[in-house]
Amino acid sequence: MSKDTLSIRDNRTEKEYEIPIWEDTIRAMDLRQIKVKDGDFGMMSYDPAFLNTANTKSTVTLVDGGNGILQYRGYPIADLAENASFLEVAYLILFGELPKAGELAKWEAEIKTQMALPEALPNIMKAFPKDAHPMGAFVSNTAALGTLYPDAREVLDEELRWKHIKNLVAKSASLGAYFYRHSQGLGFVDPDEKLSYAGNFLRMMFHEGGGDYTPDPAVERAINILFILHADHEQNCGTTTMRTIGSSQADPYSAAAGAAAALYGPLHGGANEAVLRMLAEIEDVSNIPAFMDSVRSGDKRLMGFGHRVYKNYDPRAKIIKKVAEDVFKVTGRNPLLDIALELEQIALSEDYFIERKLYPNVDFYSGIIYQALGIPVSMFTVMFAIPRMVGWLAQWTEMLGDNEQKIARPRQVFLGPVDKKFVPIEER
Ligand code: SDX
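Described in the following lines is the structure provided in the data block.

Cut-offs applied
- Residues numbered from 1 in each chain as written.
- Predicted model: local features only at pLDDT ≥ 70, side-chain atom pairs only at ≥ 80, totals over all residues.
- Heavy atoms only, no water.
- Helix = DSSP H or I, 4+ residues; strand = E, 2+ residues; numbered from the N terminus.
- Expected span 1.5 Å × (residues − 1).
- Bend = angle between axes of the 7 residues up to and from the residue.
- Buried < 20%, exposed > 50% of the residue type's maximum accessible area, 1.4 Å probe, protein only.
- Polar contact = N/O pair within 3.5 Å; in protein donor to acceptor, adjacent residues only side chain to side chain.
- Pairing = 2+ DSSP bridges.
- Near = heavy atom within 4 Å.
- Areas by Shrake-Rupley, 256 points an atom, 1.4 Å probe, with all protein chains shown as cover.
- Nonpolar A, V, L, I, M, F, W, Y, C, P; charged D, E, K, R; others polar.
- Axes fitted to C-alpha atoms, helices over the stretch in contact; angles between N-to-C directions.
- Parallel < 35°, antiparallel > 145°, perpendicular 65-115°, else oblique.
- Left-handed = near helix turned anticlockwise from the far one by under 90°.
- Contact = heavy atoms within 4.5 Å.

Quick look at helix α6 (residues 158-183)
- Relative to the 38 Å expected for 26 residues at 1.5 Å per residue, α6 spans 37 Å between its end C-alpha atoms, a close match to the ideal helical length.
- Along α6, the helix axis deviates most sharply at lysine 171, where the bend reaches about 35 degrees.
- Across the 26 residues of α6, 23 count as buried, placing the element largely inside the fold.
- The N-cap of α6, judged by a side-chain oxygen 3.0 Å from the amide nitrogen of glutamate 159 a few residues on, is aspartate 157.
- A positive phi of about 70 degrees marks glycine 185, the residue just after α6.

Next up, the structure:
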């Protein structure tokens, strides 16, 4: 076996370099020694949108795109979705191992006793128009929540860091549910420590007030699974934003607000909302051929399809498809599922999609379930953000503990003009 190095020959200078290989990567900084003249800055790598750049090492989540594999801390997603509670998986993602019974009980108590929002937040929420987009509200209210905790800025204090990690995990579901109540002109419903995290979310969303609330077991199980499936996904756009903002040592509430803002985009978590609007626009399976023509021509995108990493079926989409059937037994079948299934069937058999390795992703079927549960389309990305708070926080604290990390500050290839002479306006 030859040495773990890359031999690079710079034909401009005929110099040769031996660059060490680590985990099948080379360090971009090792390229800086490659210069034409001694005073040169040295070579960089150029990688728009980080298509082939790892900017961190991590032990949180494995996404093997070629084989459609997703594992949290080494545990396959299907096993976790089938057997664990969301808070159990949140513990796993944040602490690195499944909790023992006593650890889980303590963790659940810590989270469920912190789910209610401080009084300032509902008052802030009431300032939003009722038709304000819930994701814009989630971004704003996450940052607003942070303004109530000045010690959240002590990000290097481990005890304070975990205090606010727990607070954000606890209040993430409440930020979404309370705003939903405001948008519907309904009063706020506080959580009940007797319920699960998913059960409390449903209570805060749909309880008609007064007395106990008992969620439908099948619906509670579905939300629990959907939250688990959305909890983390390694270095996606939103998580990279969390890490980038966190690298300047901003507080976790501000970083999470930024991560949620990235998730809001239709190419990312906003896709689940875009899928429902697409299915509604298609309206009937008879309109699918014309719609697919507009996709093949590049005029439209098949939202909920494709992925930067998965070049195989997103394992989460497979699980969500099964959850949909369980939910429809309670809510009645969402007719849009027929359009979605037909779209999938066509896409998986058509060269345009096969050549581009476009498969359904996590966002393709989730919205059909949320709609069947009576959750408005504008709330769909909030349903993504709520559990993803766990992944953002796990990745953020991993970044802060990584002694190789520092403030994120990429370079550029400058191609613009230099040394231009200022021209007074009357002479321009
Ligand atoms: C999420 O990163 C993560 O892990 C994200 C996520 C997570 O858990 O955090 O998994 C969640 O964001 C899932 C993705 C949700 N987004 C969508 O469903 C929106 C629709 N999908 C696409 O816009 C697209 O597939 C992306 C954004 C998901 C990935 O885009 P890439 O990797 O940048 O690929 P690309 O845009 O360069 O497309 C490559 C080719 C192009 O065709 P050509 O120019 O080569 O002819 O594939 C085509 C694209 O036009 N293409 C699509 C398509 N997605 C890509 N064509 C039609 N419909 C699509 N959905």
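As for the sheet that holds strand β4 (residues 69-72)
- On the basis of which strands lie adjacent, the open sheet formed by three strands has the order β3-β4-β5 and antiparallel pairing. Edge positions in the sheet fall to β3 (61-64) and β5 (75-76), since each of these pairs with one other strand and no more.
- For β3 and β4, the ladder comprises four bridges, and the chain directions are antiparallel. Each residue of the ladder has a partner; that of valine 63, found in β4, is leucine 70.

Side note on the site of the ligand
- Taken together, the neighbourhood of the ligand is formed by 23 residues, with His233, Arg301, His307, Arg308 and Arg316 sitting nearest.
- Within the backbone of leucine 302, an N or O atom sits 2.8 Å from a nitrogen atom of the ligand.
- Take arginine 356: an N or O atom from its side chain is 3.1 Å from an oxygen atom of the ligand.
- When isolated, the ligand has an accessible area of 1,100 Å², and the protein chains bury 74% of it.
- When the residues that make up the shell around the ligand are grouped by side-chain class, the tally is ten nonpolar, seven polar and six charged.

Brief notes about the pairing of β4
- In β4, alternate side chains face the same way, and those of Leu70 and Tyr72 are buried while those of Ile69 and Gln71 on the opposite face are not.
- The turn linking β3 back onto β4 is made up of four residues, and glycine 68 within it adopts a positive phi angle of 60 degrees.
- Sheet analysis places β4 next to β5, joined by two bridges and oriented antiparallel. Its bridge partner being in β5, glutamine 71 is matched across the sheet by proline 76.
- Taken together, β4 and the strand that follows it, β5, pair antiparallel across an intervening segment of two residues, in which arginine 73 is found at a positive phi of about 50 degrees.

Digging into the packing of helix α13 (residues 315-331) against helix α16 (residues 362-372)
- Relative orientation of the contacting elements α13 and α16 amounts to 15 degrees, with a least axis distance of 8 Å. Classified by the angle between their axes, α13 and α16 sit roughly parallel to one another. Crossing angle aside, the handedness with which α13 passes α16 is left-handed. Across the interface between the two elements, Arg316, Ala317, Ile320, Lys321, Val323, Ala324, Val327, Phe328 and Thr331 from α13 touch Val362, Tyr365, Ser366, Ile368, Ile369 and Ala372 from α16.
- Residues that form the contact of α13 with α16 fall into these classes: eleven nonpolar, two polar and two charged.

None of this, on its own, says anything about what the molecule does.
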